[in-house]
Amino acid sequence: MKPFLSQWKADLLRTVRDRRFFVLTLIMPVGFYLLFIHEQRGATAIAGTFWSAYFMVSMATFGVVGASVNTLGVRLAAERKMGWVRWLRTTPLSSVGYAASKISTQLSLSLLIVAVVFMVAHSNQGVTLSAKHWVEIVLWIWIGSIPFAALGVLIGLAGNSAQVLGTLVYLGLSLLGGLWTPVEALPKTMQDIAHWMPTYRYAQPAWNLLAGKGVDIKDIAFLAGYTILFVGLAAIIQNRLDVKPDTN
Amino acid sequence: MEPVISLNHVSKHFGHRIAVNEVSLDIASGQAVALLGPNGAGKTTSIAMMLGLLHPTTGEIRLLGRTPGHLASREKIGVVLQNVSVPERLKVRECINLVRGFYPNPRSLDDLLNLAGLATDSDMQAHLLSGGKMRRLQFALAMAGNPEVLFLDEPTVGMDVTSRRQFWDALRQYVGEGRTLILTTHDLQEADVMTDRVVVMHHGLVIADAPPERIKMEFGDRQISFVADDARLIHVVRQWAEVADVQTSGRQVTIVTSDSDAVLKRLIHDNWDIRDIRVGGTGLEDAFVRLTREEVSLA
């Protein structure tokens, strides 16, 4: 536990110190929210709620997925390349402790992204929910981001391709999962594809919560399955990388 | 007492390349050991296997009585690897504190800063340190947990003379406390200064394992080569005590000796007709080649 806490503390410090990244991570979802909210008027009814609230959830999830899949992956790839991760494996910080620290840092950042997007939606578009609803939705978007953090870890193993791969996966998943255009507005084939996307399974329960519906167990099952898939793949690839020869 | 590290017929293959070949080695507590050899000898691969970073293809390794890589033994070791840079956006002291936090009984921050000679750099950005200071920071990180066993892979590469001297002082203090040290180096002087046992590796094989004085004698040899018309000379010279080896190639004679001055004086004093005289050190690489050949002839 102590090694993990030490690593987490340092990781949080490093995240906040990376000003440009930090500001961009927060500005992207907020900027897109403000930009696109006016195209379809905020008061338009959609999926049992209003566009202003619906798109608030879309952009919060979009921001969280981006920060997890894209930046987490690139950072992990960089730390691997520096030899630092290899060295850490000689210290009492276990690989589980290391991954837990990275994921905890990511979750802290995700919570901040959600809070900022929601505050902007509240103050700019007057989105109001009951206290219970706010808490439920924030908790869902927060906890539900775990599979994406795991996906970030997986992408981080791609080395030099992590940057490109991360961006592709991030934009692809956002688009296909209906974070940009509501799934109901897509052609049938696209809808079928969307239903398999972790992004859809992530955002859908939050949209449902907005409409006063509960979280579907099926969505949880999908996200849990994806988490196991990503973590499993990461573990296999990690083991493969370890047997590769290195500089002697 | 059980050795701190033991390698039992350990080999490591990378595809068809054999990096480490049937190495058996026991290192006792309190020993200071150098793995000496040219680049590609298998030193770094051996260290990586002792640390559990690589798995041996065949053979068995124990570190502190366990399979290498076990968390419990990681608390008792300190490591400096090659080609490692520290994370960005952390100050020197934050970086040291990060690593101190990994260990149950860490050394104090001030202690580590002084040990590495970084007291005045504690607020510098760690990843921006110069090459020599970066190596010293990594030494501080290796010492953070108050290790019983210290592994240093080419620790002084990139250090200037002052840094190196300071580093050697700190190491000597560590060794003086009766703790175990394993370092790799291709610098015989470093092995001589820091250790009481030198394991020479070449092409993945251990070709010598002896105190540094003995290795130095072996490596300190010089060569005298010349052209001699009188073949009787070879038989005479072979009897001389200071001559280790005589090789001939036609009329070209090469003498390997620990005392080139004495041999030359005798040759000239005895009035042998020799010409084109050249004297040179056998050098590390030559010595490795010679040791390897002896190993083969013994097998």
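Quick caveat, the model's predicted, so the values are computed rather than measured.

S.K.: Would you explain the side chain of Q106(A) in this entry?
M.R.: All names here are of chain A. Along the polypeptide, Q106 turns up in helix α5 (residues 95-125). Residue classification places Q106 among the buried residues on the basis of a relative accessible area of 6%. In this structure, Q106 is in contact with A67, S68, L72 and A149, ignoring residues within four places of it in sequence.

S.K.: Teacher, can you tell me more about the interface of chain B and chain A here?
M.R.: It is common to report an interface's size as the accessible area lost on association of the parts. In this complex, chain B contributes 39 residues to the contact, which on the side of chain A involves 29 residues. With both sides pooled, the region where chain B packs onto chain A buries about 3,100 Å², and carbon together with sulfur makes up 57% of that total. Looking at the side of chain B facing chain A, the largest losses of area belong to L53(B), R89(B) and F102(B), adding up to 25% of the total buried there. One salt bridge in this structure joins R89(B) and D18(A), with 3.7 Å as the shortest N-O distance. Every element with two or more residues in the side of chain B that touches chain A is listed here: α1 (43-50), α2 (71-74), β5 (77-80) and α3 (92-100) of chain B.

S.K.: Hey, could you run me through α1(B) in this one?
M.R.: Along an α-helix, residues three or four positions apart point the same way, because every turn accommodates 3.6 residues. Counting buried positions over the 8 residues of α1(B) gives 8, a clear majority of the element. Once α1(B) ends, the next one or two residues include G52(B), with phi positive near 80 degrees.

S.K.: Would you explain the pairing of strand β7 (residues 180-185) of chain B in this entry?
M.R.: Each regular strand shows side chains that alternate between the opposite faces of the sheet. Residues and elements named next belong to chain B. Taken across its 6 residues, β7 has 6 buried, putting it largely inside the fold. The alternating pattern of β7 places T180, I182 and T184 and L181, L183 and T185 on opposite faces, both of which are buried. As paired elements, strand β3 (residues 32-36) and β7 share 5 bridges and run parallel to each other. Of the residues in β7, the one forming a bridge with A32 is L181. In the sheet, strand β6 (residues 149-153) pairs with β7 via 5 bridges, with the strands oriented parallel.

S.K.: Can you walk me through the pattern of salt bridges in this structure?
M.R.: Pairing of side chains with opposite charge becomes possible as their charged atoms draw close. In this structure the tally under the stated criterion is 22 salt bridges over all chains. K102(A) is the salt-bridge partner of D11(A), the closest N and O atoms lying 3.0 Å from each other. Taken together, the positions of D11(A) in helix α1 (residues 2-17) and K102(A) in helix α5 put the pair 91 residues apart, joining distant regions of the chain. Across this residue pair, the class does not change: D11(A) and K102(A) are buried. Across the salt bridge formed by R107(B) and D111(B), the nearest N and O atoms sit 3.3 Å from each other. Overall, the relative accessible area of 11% leaves R107(B) in the buried class. By relative accessible area, D111(B) is classed as partly exposed at 33%. When salt bridges with common partners are traced through the structure, they connect D11(A), R14(A), E79(A) and K102(A) into a single cluster.

S.K.: It is not clear to me how the side chain of R201(A) should be interpreted in this structure. Could you clarify?
M.R.: Residues and elements named next belong to chain A. Relative to the assigned elements, R201 resides in helix α10 (residues 198-210). Judged by its relative accessible area of 8%, R201 falls in the buried class. Among the polar contacts made by the side chain of R201, one reaches the side chain of D219 at a distance of 2.9 Å. If we skip the residues at most four places from it in the chain, R201 touches W140, H195, K218, D219, F222 and L223.

S.K.: When you look at the sheet that holds strand β2 (residues 17-27) of chain B in this model, what are you seeing that I'm missing?
M.R.: Note: strands within a sheet are paired through backbone hydrogen bonds, in either parallel or antiparallel orientation. All names here are of chain B. Spatial ordering of the open sheet is given by β2-β1-β4, a layout of 3 strands whose pairing is antiparallel. Of all strands in the sheet, those with a lone pairing partner are β2 and β4 (58-63), marking the two edges. With strand direction ignored, the average angle separating the axes of adjacent strands in the sheet is 20 degrees. Sheet topology note: the strand β1 (residues 5-14)/β2 ladder contains 7 bridges and is antiparallel. Its bridge partner being in β2, L7 is matched across the sheet by L25. Along the sheet, α1 makes contact with β1, β2 and β4, crossing β1 at roughly 120 degrees.

S.K.: Can you help me understand the packing of aromatic side chains in this one?
M.R.: What describes a pair of aromatic rings is the distance from one ring centre to the other and the angle between the planes of the rings. Per the counting criterion, the structure on display carries 18 aromatic pairs over all chains. Judged by centre distance (5.9 Å) and plane angle (15 degrees), the ring pair of F4(A) and W8(A) falls under stacked. You can see F4(A) and its partner W8(A) sitting in helix α1, 4 residues apart, about one turn around the helix. Ring centres of W196(A) and F222(A) lie 5.5 Å apart, and the angle between their planes is 75 degrees; this geometry places the pair in the edge-to-face category. Here F222(A) lies in helix α11 (residues 217-242) and W196(A) lies in the loop between α9 (188-194) and α10, a separation of 26 residues in the sequence. Look at W196(A) and you get exposed, because its relative accessible area is 57%. Accessibility expressed as a relative area gives 18% for F222(A), which makes it buried. Taken together through their ring pairs, the aromatic side chains of F32(A), Y33(A), F36(A), W51(A), Y54(A), F55(A), F62(A), Y170(A), W180(A) and W207(A) make up a single cluster. The side chain of R201(A) reaches across the aromatic face of F222(A), ending 4.1 Å from its centre. The aromatic ring of W240(B) is capped on one face by R266(B), whose charged end is 4.2 Å from the ring centroid.

S.K.: I would appreciate a short explanation of the sheet that holds strand β8 (residues 197-202) of chain B in the present structure.
M.R.: All names here are of chain B. Pairing within the open sheet is mixed, and its 6 strands lie in the order β5-β6-β7-β3-β8-β9. Looking at which strands have only one partner, the edges of the open sheet turn out to be β5 and β9 (205-210). Sheet twist, expressed as the mean angle between neighbouring strand axes with direction ignored, is 15 degrees. Helix-sheet contacts for helix α5 (residues 131-143) involve β5 and β6, and the interaxial angle to β5 is about 165 degrees.

S.K.: I would appreciate a short explanation of the environment of E213(B) in the present structure.
M.R.: Within the secondary structure, E213(B) is located in helix α8 (residues 212-219). Along the backbone, E213(B) and D196(B) are 17 residues apart, and their C-alpha atoms lie at a distance of 8.8 Å.

S.K.: So what exactly am I meant to see when it comes to the packing of helix α3 (residues 51-81) of chain A against helix α7 (residues 146-156) of chain A here?
M.R.: To describe two helices that pack against each other, one gives the angle between their axes and the distance between the axes. Residue and element names in this part refer to chain A. Running from N to C, α3 and α7 cross one another at 35 degrees; their axes reach a closest spacing of 7 Å. Considering only the axes of α3 and α7, their crossing is right-handed. Of α7, the residues touching α3 (which contributes V65, S68, V69, L72, G73, L76, A77 and R80) are F148, A149, L151, G152, V153, I155 and G156. For the contact of α3 with α7, the residue count by class is 10 nonpolar, 4 polar and 1 charged.

Criteria and thresholds
Residues numbered from 1 in each chain as written. Chains lettered and ligands numbered in written order. Predicted model: local features only at pLDDT ≥ 70, side-chain atom pairs only at ≥ 80, totals over all residues. Heavy atoms only, no water. Helix = DSSP H or I, 4+ residues; strand = E, 2+ residues; numbered from the N terminus. Buried < 20%, exposed > 50% of the residue type's maximum accessible area, 1.4 Å probe, protein only. Contact = heavy atoms within 4.5 Å. Buried area = accessible area lost by both parts, 1.4 Å probe. Salt bridge = Lys/Arg side-chain N within 4 Å of Asp/Glu carboxyl O. Pairing = 2+ DSSP bridges. Polar contact = N/O pair within 3.5 Å; in protein donor to acceptor, adjacent residues only side chain to side chain. Axes fitted to C-alpha atoms, helices over the stretch in contact; angles between N-to-C directions. Phe/Tyr/Trp six-rings, centres within 6.5 Å; stacked < 30°, edge-to-face > 60°. Lys NZ or Arg CZ within 6 Å of the ring centre and 35° of its normal. Left-handed = near helix turned anticlockwise from the far one by under 90°. Nonpolar A, V, L, I, M, F, W, Y, C, P; charged D, E, K, R; others polar.

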